Amino acid sequence: MEDSLRKALSEKQAAVDAQGGAVRELKASGAPKDAIDAAVQELNALKLEKASIEKQLQAALTNGNDNALSRDAFRQALVNTLERRLFYIPSFKIYRGVAGLYDYGPPGCAVKSNVLAFWRQHFVLEENMLEVDCPCVTPEIVLKASGHVDKFTDLMVKDEKTGTCYRADHLLKDFCKEKLEKDLTISGEKAAELKHILAVLDDLSAEELGGKIKEYGITAPDTKNPLSAPYPFNLMFQTSIGPSGLSPGYMRPETAQGIFVNFKDLYYYNGNKLPFAAAQIGQAFRNEISPRQGLLRVREFTLAEIEHFVDPDDKSHPKFSEVANLEFLMFPRGEQVSGQSAKRTVLGEAVSKGIVNNETLGYFIGRVYLFLTGLGIDKERLRFRQHLANEMAHYAADCWDAEIECSYGWIECVGIADRSAYDLRAHTDKSGVPLVAHEKFAEPREVEKLIIAPVKKELGLAFKGNQKMVVEALEAMSEKEAMEMKATLESTGELLNHRLEFGRIIYCLYEHSFYTRPSKAGDEQLNVFRFPPLVAPIKCTVFPLVQNQQYEEVAKSIAKSLTAAGISYKIDITAIMDILEGQLKRFVCHCIT
């Protein structure tokens, strides 16, 4: 509707301009008054028609803006409640805080602990995974091998006068959204251009981003000063290991590398057998350029990752039938490219039709769905979106994100990817230690194998600054591509990666559990969290009926029994006085038992 109205408005504006020119020509040529009056009357009619279209377009945009305002009001009420009730607060608040860092208070810690416990039960215990706990400080050589030192970057621009830094893609995104939502004068073609930019924003190079920022005249939001050209900024926190400063390191940006470098020992621990899965929960750190959106984009956060190692020739899963009949919103790349919406799809059908690459990937998609809905995430606001071809790394077979809708839109919370053996191969090449799995055959087999060994010196002379990219492309080639297109990466086993960011899930859970209702007296609105029992910070409350030593002793006895059973509780003696005063006002946290 918006597109058709913009097109109609553009056409009507052209008609107004043409008719205005005709009126001026008639006056200049000394045409009869009747002819001029008729032309002016036609011009006024066109202007009225244009004003009517403008009014319709404004109504369409206002409806969207009203929804945005409603979302903003809801979010503000939620955040105010979360901070007031100490679910979380900005870190170092008495020193005016630091963007992107938050402290969890008592109820927030309880919710997070419950979510972590459920994740460990749902995945580690039920799937018999091998759990590890690796250091946050990581030597540079490890992250050099993984590619993080060279490639873990976002594009940044600076205010040329104040030096304030901004993420380049965020500035372009905000500009495009504001023009689409508020500017009635842009044509349908310009609106389509802005929408296209939003769709391909993640794929724009530094030069393309800089060109658009310059073309649209985008300036620093706070000062309106000119901006520098975009340049890459590495998101890792750098440090040194030991007092000499000779051993550089980084705070890990993810927890997966600790699993990869321990593959050999984990494989041995598992009896030298595939498949097996390793899991890790821990802190990760990313020096975000401009953190925003509360818990959704922070500089320190908790990650849970699973690396499932599987025989590349057999990606079936023995338990796939347990999730095959699940039906939920899926958003394959075909629907995205054609402009369609996510549709409810039976998981088994998605795998059998090849929409999802294999059973093992499909199994973990199903398990993630059960985990998120078990926490209390609204299944109607949860979808699984397949990565577009230009989003995936060249070595990946298939990638899906679990996205949860909240007041900020659709937020990626879990990534599930079939990454082949890229990570193991990278660490094998850098360390010299073969991170491979072996299969014993009943009878000896003689095979020919192509080994790609780039001569880096000659490639450097030929390709200069592009040498590293060429070497990586050669090393990533399959035998099938190099000779009869037979995959060489499959010689070490493939892995499925599952990465879950708890802060984002917990924030979305807060939104999906939050609502307001009038008090019984009707004189105020109460803010309520309707948590499922699984994650509720307080499972029950003990209310002594009256202030009496005898009843207080009974309450203490009940509390002791609850503690022994591992049930979190609260003894509320303040309610007695509130009832006596007729002022029972308290924060409500529902727990259905």
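Residues numbered from 1 in each chain as written. Predicted model: local features only at pLDDT ≥ 70, side-chain atom pairs only at ≥ 80, totals over all residues. Heavy atoms only, no water.

The name given to the chain in an unreviewed UniProt entry is glycine--tRNA ligase, and the organism recorded there is Vitis vinifera. Per its UniProt entry, the chain bears the Subunit (unreviewed entry) comment "Homodimer." Per its UniProt entry, the chain bears the Catalytic activity (unreviewed entry) comment "tRNA(Gly) + glycine + ATP = glycyl-tRNA(Gly) + AMP + diphosphate". (UniProt positions renumbered as here; feature names shortened; annotations may be inferred.)

**Student:** Help me understand the overall build of the chain, please; the structure alone is not making it clear to me.
**Tutor:** Across its full length, the chain holds 20 helices and 22 strands. Counting all 593 residues of the chain, 43% fall into the buried class. Considering only residue pairs separated by 6 or more positions, the chain has 68% of its internal contacts joining residues 24 or more positions apart. Surface summary for the chain: the accessible area is close to 32000 Å², and the carbon and sulfur share equals 53%. (Helix = DSSP H or I, 4+ residues; strand = E, 2+ residues; numbered from the N terminus. Buried < 20%, exposed > 50% of the residue type's maximum accessible area, 1.4 Å probe, protein only. Contact = heavy atoms within 4.5 Å. Areas by Shrake-Rupley, 256 points an atom, 1.4 Å probe, with all protein chains shown as cover.)

**Student:** Looking at this structure, I do not really get helix α14 (residues 422-431). What am I missing?
**Tutor:** Within an α-helix, residues lying three or four positions from one another point in the same direction, as the helix has 3.6 residues per turn. Regarding α14, the residues found buried are Y422, D423, L424, A426, H427 and T428. Following α14 by one or two positions, G432 adopts a phi angle in the positive range, close to 80 degrees.

**Student:** Help me out: how do you make sense of a negative patch on the surface in this one?
**Tutor:** Together, D202, D203, E207 and E208 make up a region of like negative charge exposed at the surface. Along the chain, D203 falls in the loop between α7 (188-200) and α8 (206-215). Note on D203: relative accessible area 36%, which makes it partly exposed. (Patch = residues over 30% accessible without salt bridge, like charges linked within 9 Å, V, L, I, M, F, W, Y side chains within 5 Å. Salt bridge = Lys/Arg side-chain N within 4 Å of Asp/Glu carboxyl O. Lys, Arg positive; Asp, Glu negative; His and termini not counted. Charge placed at Lys NZ, Arg CZ, Asp CG, Glu CD.)

**Student:** Please explain the sheet that holds strand β5 (residues 153-158) as it appears in this structure.
**Tutor:** Pairing between the strands of a sheet comes from backbone hydrogen bonds, and it takes one of two forms, parallel or antiparallel. Here we have three strands laid out as an open sheet, ordered β6-β5-β7, and antiparallel in their pairing. Of all the strands in the sheet, the pair left with one neighbour each is β6 (165-167) and β7 (231-234). Across the sheet, the mean angle from the axis of one strand to that of its neighbour is 55 degrees, orientation sign disregarded. Where β5 meets β6, three bridges bridge the pair, whose relative direction is antiparallel. (Pairing = 2+ DSSP bridges. Axes fitted to C-alpha atoms, helices over the stretch in contact; angles between N-to-C directions.)

**Student:** What is the right way to look at the packing of aromatic side chains in this model?
**Tutor:** The relative placement of two aromatic rings is captured by the distance of their centres and the angle of their planes. What the rule picks out here adds up to 23 aromatic pairs. Seen in terms of ring centroids, F328 and Y369 are 4.6 Å apart; in terms of plane orientation they differ by 20 degrees. Their pairing is stacked. With F328 in strand β12 (residues 327-331) and Y369 in helix α13 (residues 359-375), this pair connects stretches of sequence that are 41 residues apart. For F328, a relative accessible area of 1% gives the class buried. Note on Y408 and Y507: the rings are 6.1 Å apart at their centroids and 50 degrees apart in plane angle, and the pair reads as tilted. Of this pair, Y408 sits in the loop between β15 (398-406) and β16 (409-420) while Y507 is found in helix α18 (residues 502-513), placing the two residues 99 residues apart along the sequence. For Y408, a relative accessible area of 27% translates into the label partly exposed. A connected cluster of aromatic rings, assembled from ring pairs, spans F74, F87, Y510, F514, F529 and F531. (Phe/Tyr/Trp six-rings, centres within 6.5 Å; stacked < 30°, edge-to-face > 60°.)

**Student:** Explain the pattern of salt bridges to me, please; I cannot follow it from the model alone.
**Tutor:** Pairs may arise between side chains of opposite charge once their charged atoms sit close together. In the structure shown here, the tally under the stated rule is 28 salt bridges. Among the salt bridges present, the one from R167 reaches D169, with a minimum N-O distance of 2.6 Å. D169 carries the same exposure label as R167, and that label is buried. Taking the shortest distance from any N to any O, the salt bridge between R333 and D398 comes out at 3.9 Å. Here the residue R333 occupies a position in helix α11 (residues 333-337), and D398 occupies one in strand β15, the gap between them amounting to 65 residues. The buried category is assigned to D398, whose relative accessible area is 3%. Each of E126, E127, K319 and R367 takes part in salt bridges that share partners, so that together they form one network.

**Student:** Explain a nonpolar patch on the surface here, please?
**Tutor:** The grouping of F92, I94, Y95 and V98 at the surface amounts to a nonpolar patch, some 510 Å² of accessible area in total. For F92, the location among the structural elements is in the loop between β1 (88-90) and β2 (102-104). Among the residues examined, F92 registers a relative accessible area of 49% and is labelled partly exposed.

**Student:** Got a minute to help me understand the sheet that holds strand β8 (residues 238-240) in this structure?
**Tutor:** Overall, antiparallel pairing links the three strands, which are arranged β4-β9-β8 in an open sheet. Of all strands in the sheet, those bounded by a partner on one side alone are β4 (137-139) and β8. Strand-to-strand twist in this sheet, taken as the mean axis angle between neighbours without regard to direction, amounts to 40 degrees. Bridge count between β8 and strand β9 (residues 248-251): three bridges; the pairing is antiparallel. In the sheet register, T239 faces β9, and the bridge partner there is G249.

**Student:** Just checking my understanding: could you explain the confidence of the model for the chain for this structure?
**Tutor:** Any residue range with low pLDDT should be treated as having predicted coordinates unsuitable for detailed reading. Of the residues in the chain, 89% reach a pLDDT of 70 or more, and the chain-wide mean stands at 86. Predicted confidence for residues 484-492 stays below pLDDT 50, and this span has 28 contacts to residues more than four positions away or in other chains. Here residues 576-593 is a poorly scored stretch, pLDDT under 50, and it has 39 contacts once near neighbours within four places are set aside; other chains count. (pLDDT = per-residue confidence, 0-100.)

**Student:** Help me understand unusual backbone geometry, please; the structure alone is not making it clear to me.
**Tutor:** Excluding glycine, residues mostly carry a negative phi; peptide bonds, for their part, are mostly trans. The amide bond that connects L274 to the next residue, P275, takes the cis arrangement and shows omega of 0 degrees. Relative to the elements of secondary structure, P275 occurs in the loop between α10 (263-269) and β10 (276-285). For L86, which is not a glycine, the phi torsion comes out positive at approximately 65 degrees. The residue L86 is located in the loop between α2 (33-84) and β1 in this model.

**Student:** Help me understand the state of the cysteines in this model?
**Tutor:** Two cysteines, two sulfur atoms, one covalent bond between them: this is a disulfide. Applying the stated criterion across every chain, the model contains zero disulfides. Looking at the unpaired C134, the closest cysteine sulfur is the one in C136, lying at 9.7 Å. We classify C134 as buried; its relative accessible area is 13%. (Disulfide = S-S within 2.5 Å.)

**Student:** Could you clarify how one ought to interpret the nonpolar core in this entry?
**Tutor:** Across soluble globular proteins, nonpolar side chains show a tendency to be buried alongside one another. Of all hydrophobic cores here, the largest spans 64 residues; its most connected members are W119, F371, F384 and Y510. The element best represented in this core is α13, accounting for nine residues. Those residues in contact with W119 that sit more than four places away from it in its chain are V124, A279, Q280, I281, A304, E305, I306, F371, H498, L500 and F502. C176, I186, A191 and A220 belong to the second largest nonpolar core, which has 19 residues in total. (Core = buried A, V, L, I, M, F, W, Y, C linked by side-chain atoms within 4.5 Å.)

**Student:** How should the packing of helix α3 (residues 106-125) against α13 be read in this particular structure?
**Tutor:** A pair of packed helices is captured by two measures, namely the crossing angle of their axes and the spacing between those axes. Interaxial distance between α3 and α13 falls to 11 Å at its minimum, and their mutual angle equals 150 degrees. In terms of axis orientation, α3 runs roughly antiparallel to α13. The handedness of the crossing between α3 and α13 is right-handed. Along the contact surface, α3 presents V115, F118, W119, H122 and F123, while α13 presents R367, V368, L370, F371, G374 and L375. (Parallel < 35°, antiparallel > 145°, perpendicular 65-115°, else oblique. Left-handed = near helix turned anticlockwise from the far one by under 90°.)

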